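Here are the chains, one letter per residue:
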Amino acid sequence: MKGPATLDGLAEGPLVSTMLERDLDEVHAIAASCFPRPWPRTALANELSLPCAILRVLRAEAGGTVYAFATAWHFAGELHIHNIATLPEARRRGYATTLTRALIDRNRAQIVLLEVRISNEAAQRMYRGLGFRVRGLRRGYYADNGEHALQLELRRRSR
């Protein structure tokens, strides 16, 4: 697969674009298929109006099915990634990596933070491959089962 693409057609590969209201049903369905306690659709809709929110979707083709999505907040000079999820049947195609890179590359934050389940080894491998390092442990972070989370951090060089 080639690098991140945009809807402007400058590169081949998956298309990353801003999440719109019309994407919410597909995005919520992905979240429901991936997370034990997904964000309610109303919470995702509310994110659309937040100035600090960065919401992206990934499609294989313009106007096609949403295969993955990402939500993040940019504030206080940091980017905090909240969700990155891919339809289960579309995994292992690099979509989550493409979305994560798009969030990082198009953002001016010098520090990127996120939490990942201790049991989610595939996601941890992906994040390590992108340069994230363990910053700490959040005990009992996940409300559904009390699982711990690793807090990961990526520090970017000043431009």
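Before reading on, note that the structure itself is shown above.
Let me sum up the structure you'll find in this document.

**Details of the packing of aromatic side chains**
Then comes step 1: Counting across every chain of the model gives four aromatic pairs.
Then comes step 2: Between Tyr127 and Phe132 the ring centres are 5.5 Å apart and the planes differ by 65°, which places this aromatic pair in the edge-to-face class.
Then comes step 3: When its relative accessible area of 7% is taken as the criterion, Tyr127 is described as buried.
Then comes step 4: For the cation-ring pair, Arg117 lies above Tyr142, with the distance from its terminal atom to the ring centre recorded as 4.0 Å.

**Here's the deal with the side chain of Thr100**
Then comes step 1: Of note, Thr100 is situated in helix 3 (residues 95–105).
Then comes step 2: Residues in contact with Thr100, not counting those within four places in the same chain, are Ile81, Ile84, Met126, Tyr127, Leu130 and Phe132.

**What to know about unusual backbone geometry**
Backbone phi values are negative for most residues with the exception of glycine, while trans is the configuration of most peptide bonds.
Then comes step 1: Its identity is not glycine, yet Ala76 carries a phi of approximately 50°, on the positive side.
Then comes step 2: Along the chain, Ala76 turns up in the loop between strand 4 (66–75) and strand 5 (78–86).
Then comes step 3: The class for Ala76 is exposed, based on a relative accessible area of 73%.
Then comes step 4: With a phi angle near 70°, Arg92 is a residue other than glycine that sits in the positive phi range.
Then comes step 5: Position of Arg92 among the secondary structure elements: in the loop between strand 5 and helix 3.

**A word on the environment of Asp23**
Then comes step 1: Note on placement: Asp23 falls in the loop between strand 2 (15–18) and helix 1 (24–34).
Then comes step 2: According to the relative accessible area criterion, Asp23 is buried, its value standing at 2%.
Then comes step 3: On a C-alpha basis, the gap between Asp23 and Arg56 in space is 9.9 Å, while along the polypeptide they are 33 residues apart.
Then comes step 4: The contact partners of Asp23, leaving out residues within four places of it in the chain, are Thr18, Val57, Arg59 and Val66.

The rules we used
- Residues numbered from 1 in each chain as written.
- Predicted model: local features only at pLDDT ≥ 70, side-chain atom pairs only at ≥ 80, totals over all residues.
- Heavy atoms only, no water.
- Phe/Tyr/Trp six-rings, centres within 6.5 Å; stacked < 30°, edge-to-face > 60°.
- Buried < 20%, exposed > 50% of the residue type's maximum accessible area, 1.4 Å probe, protein only.
- Lys NZ or Arg CZ within 6 Å of the ring centre and 35° of its normal.
- Helix = DSSP H or I, 4+ residues; strand = E, 2+ residues; numbered from the N terminus.
- Contact = heavy atoms within 4.5 Å.

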